[in-house]
There are 2 protein chains.
Amino acid sequence: MTDIPAKRKLTIEDVARQAGVSISTVSRVMNNTDYIADATRRKVQDAIDALDYRPNALARGLKQMKTDSIGLILSDLQNPFWLMVLEGIEDACQEAGYSLLILNSRDDPEKEGKNIKEFLMRQLDGIIINPASEDNPLFAALAAEAFPLVFLNRRVKGVEVDTVVADNFKGTMLAVSHLAALGKNRIAIFLYPANGISPRQERLEGYKQALAAHGLETDPALIKIVETKEDCLAAMKQLLSGSGKPDAILSTNNRLTLEILDALGTLNIAVPQDIALLGYDETEWSKHLNPPLTTIRQPAYEMGREAAERLILAIAAKRRGETMQPVTVQLEPTLVIRESCGEILQ
Amino acid sequence: MTDIPAKRKLTIEDVARQAGVSISTVSRVMNNTDYIADATRRKVQDAIDALDYRPNALARGLKQMKTDSIGLILSDLQNPFWLMVLEGIEDACQEAGYSLLILNSRDDPEKEGKNIKEFLMRQLDGIIINPASEDNPLFAALAAEAFPLVFLNRRVKGVEVDTVVADNFKGTMLAVSHLAALGKNRIAIFLYPANGISPRQERLEGYKQALAAHGLETDPALIKIVETKEDCLAAMKQLLSGSGKPDAILSTNNRLTLEILDALGTLNIAVPQDIALLGYDETEWSKHLNPPLTTIRQPAYEMGREAAERLILAIAAKRRGETMQPVTVQLEPTLVIRESCGEILQ
DNA sequence: GTGAAAGCGCTAACAA
DNA sequence: TTGTTAGCGCTTTCAC
């Protein structure tokens, strides 16, 4: 194979020479600052086009102390919920002329820390993060220096940072009310272990309060915290073997819903005939499950968009030397009724 | 709210002053080059830790002409297939000490071009791309200057670039053979419109050849190209109303499979009793559909890992001044048998 | 072993 | 309206 010579990278100087002007003039037409004679502008633009020149973002960012890009740290790219969120973020960024970099913490606080540092070293203008930990000292440090930061989907106590969440409390309230209205009075709830920061706590709380509001009492035996698929099956067996069997199950996560469905199938329990099942988070396949799943829908796209827009606002404010008071925005979930709780789909 | 003064960013100079050494010494301990007295190294490290200093990646990259990061351009983040691919890429990057930046072309050639330019301006060391177009002049340009580049999941004709794909031809061959072995002889295939570059062409070709190999003839009426959900339903109606009804359907995309399932449901056709259904791509929910779906599984994780590893190799080679001969790696799909084609799951 | 200084490619005063 | 020049924060010769 021929050894292709590594063509030296084009710089602003090459353009300047080609156009017969100084490098500052080239810079000016690229950045559209100052007045430039039309003829000059044309010459320069022609040179840029002819050479197919693209400015070095590193050099530009170094000088300007900004990169016009923001970072997103997600904790679970596998969850389809986040894909919808991502779309909202992408759209907002695109509209504002920001690029978006994505990193995955896999819900590991250590990896999360590395990801944040990575973004800081890259001089990103701001960060949106779905926090994996609630005591990361970096959070406080960033908040202290008013670094543009938005928490998404999870609240972190003790730090004042812009936060965009769904009303998880209301989510399970909606779910329980729906179930209660259908005459269910032994409603079990399944959760993955909460890590202290997750919306799952709020969802559990909403469940309890909704029960109380409907005159039902909270039976600890109906609260199942499972970690693995096997846990889930074991918990289900136990639940169905005792005396006070549940007549409905509330799942708090869409993967967990699949595991519950598996367990139910294994145990030959029919949904919704034998038991009602209500899931959290709409997904592409919610309506294709057997039976089509009644779910709590979170406004994922809107959450993403809101988070990105707030962040971009904060970045702009900081450039003007202002500091915005952090706020928490809470968006409302809705109930999507299908067949898994006993209703007939029209 | 108090106006927090934007703390001036720490630089290598601050560390040098704190440690009582020159900035070059600080640079040396950070980069682990040269010999450094243990005492000096410790002093510097202490200063770095004390100040919580993080080097500016822009400055460093500008000087070193490299960023130790690679870019990934995906065409459809919504497809769960890509999430598995992504995991493989992430793992490989992490192991090699590279960071990964992700951009989304949404299968739009124009956006794809912008994404590539964005990455080039950022001086990324290499790019993995799931091409959205086959005639992007940038491809040839990059190939010509031996820029580290890997095509993923789709081949592009006319340019010599490292490519990692699944054997789509074999995928549909497997599918058709399975169906034929079950006695099906009117096998329909559903595809989204191919954009000239997509694996769908190869999948269609595999379908035709497999039919021939099994002594079945290709009936154009059984090849359905649909764009929307409505198309899908219409096509299905037409298919089932005619004389030569199909006894099996081969879907070539996992979202399309959901649409097919919807259409079948609407038309009251039972799977697998009335018709067999075989899907392409394993997903988390394949086995939870009604009925559990028999699918062609692509080695998604492995594809991602392979692509990233090849790219990183190419980057290293280029740094040594060598040029690697581009190769195409083709990984093998497998058949995952469940219940949607009539088998009984044990 | 360590420091001084040049420069990576660009932007933004400051002059002209 | 345009050119000259001083850095942005870092790495890397080249001296010592």
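Structure's up top.
What counts, and where the lines are drawn
Residues numbered from 1 in each chain as written. Chains lettered and ligands numbered in written order. Predicted model: local features only at pLDDT ≥ 70, side-chain atom pairs only at ≥ 80, totals over all residues. Heavy atoms only, no water. Helix = DSSP H or I, 4+ residues; strand = E, 2+ residues; numbered from the N terminus. Contact = heavy atoms within 4.5 Å. Buried area = accessible area lost by both parts, 1.4 Å probe. Salt bridge = Lys/Arg side-chain N within 4 Å of Asp/Glu carboxyl O. Polar contact = N/O pair within 3.5 Å; in protein donor to acceptor, adjacent residues only side chain to side chain. Near = heavy atom within 4 Å. Pairing = 2+ DSSP bridges. Axes fitted to C-alpha atoms, helices over the stretch in contact; angles between N-to-C directions. Parallel < 35°, antiparallel > 145°, perpendicular 65-115°, else oblique.

Undergrad: Quick question: what am I supposed to make of the side chain of aspartate 14 of chain A here?
TA: By the secondary structure assignment, aspartate 14 of chain A is in helix α1 (residues 12-19). Among all residues touching aspartate 14 of chain A, those that are not within four sequence positions of it are Arg8, Lys9 and Leu51 of chain A.

Undergrad: Is there a simple way to explain the interface of chain B and chain A in this structure?
TA: It is common to report an interface's size as the accessible area lost on association of the parts. Taken together, the contacts link 56 residues of chain B with 56 residues of chain A. Interface of chain B and chain A: buried area, both sides summed, is about 5500 Å²; carbon and sulfur atoms make up 55% of it. Where chain B packs against chain A, one counts six salt bridges. For arginine 106 of chain B, the salt bridge goes to glutamate 90 of chain A, with nearest N and O atoms at 2.7 Å. Linking chain B to chain A there are 20 residue pairs in polar contact (both at pLDDT 80 or more).

Undergrad: Looking at this model, I keep getting lost on the protein's contact with DNA strand C. Mind explaining?
TA: For DNA strand C, the set of nearby residues contains 27 residues, the closest of which are Ile12 and Tyr53 of chain A together with Thr25, Arg28 and Thr40 of chain B. The contact atoms of DNA strand C, taken as those within 4 Å of the protein, divide so that sugar and phosphate hold 61%. Within the backbone of alanine 59 of chain A, one N or O atom sits 3.3 Å away from a base nitrogen of DNA strand C. Measuring from a phosphate oxygen of DNA strand C, one finds a side-chain N or O atom of serine 22 of chain B at 3.0 Å. Of all the secondary structure elements, the ones that give two or more residues to the surface near DNA strand C are α2 (23-31) and α4 (57-64) of chain A together with α2 (23-31) and α4 (57-64) of chain B. Among the elements that line the surface near DNA strand C, the one with the most residues is α2 of chain A, at six residues.

Undergrad: Just to check I follow, could you spell out the sheet that holds strand β8 (residues 248-251) of chain A for this structure?
TA: To summarise the sheet geometry, strands pair through backbone hydrogen bonds and adopt either a parallel or an antiparallel arrangement. All names here are of chain A. As summarised here, the arrangement of the six strands in space is β7-β6-β8-β9-β10-β12, forming an open sheet in which the pairing is mixed. The sheet is open, and its two borders are formed by β7 (223-225) and β12 (334-336), each paired with just one other strand. Strand-to-strand twist across the sheet, computed as the mean angle between neighbouring axes with direction ignored, equals 20°. Alignment of strand β9 (residues 276-280) against strand β10 (residues 294-297), held across three bridges, turns out to be parallel. By the bridge assignment, tyrosine 280 is partnered in β10 with isoleucine 296. Together, β6 (187-191), β8, β9, β10 and β12 form the strand contacts of helix α8 (residues 168-181), whose direction differs from that of β9 by roughly 165°. Packed on one face of the sheet, helix α11 (residues 254-266) meets β6, β8 and β9 and runs near 160° to β9.

Undergrad: Would you mind going over the packing of helix α1 (residues 12-19) of chain B against α2 of chain B with me for this structure?
TA: To characterise two packed helices, one gives the angle between the axes of the helices and the distance between these axes. Residue and element names in this part refer to chain B. Where α1 contacts α2, the axes come no closer than 8 Å and their chain directions differ by 100°. With respect to α2, the axis of α1 lies roughly perpendicular. Contacts from Ile12, Glu13, Val15 and Ala16 in α1 reach Ile23, Val26, Ser27 and Met30 in α2.

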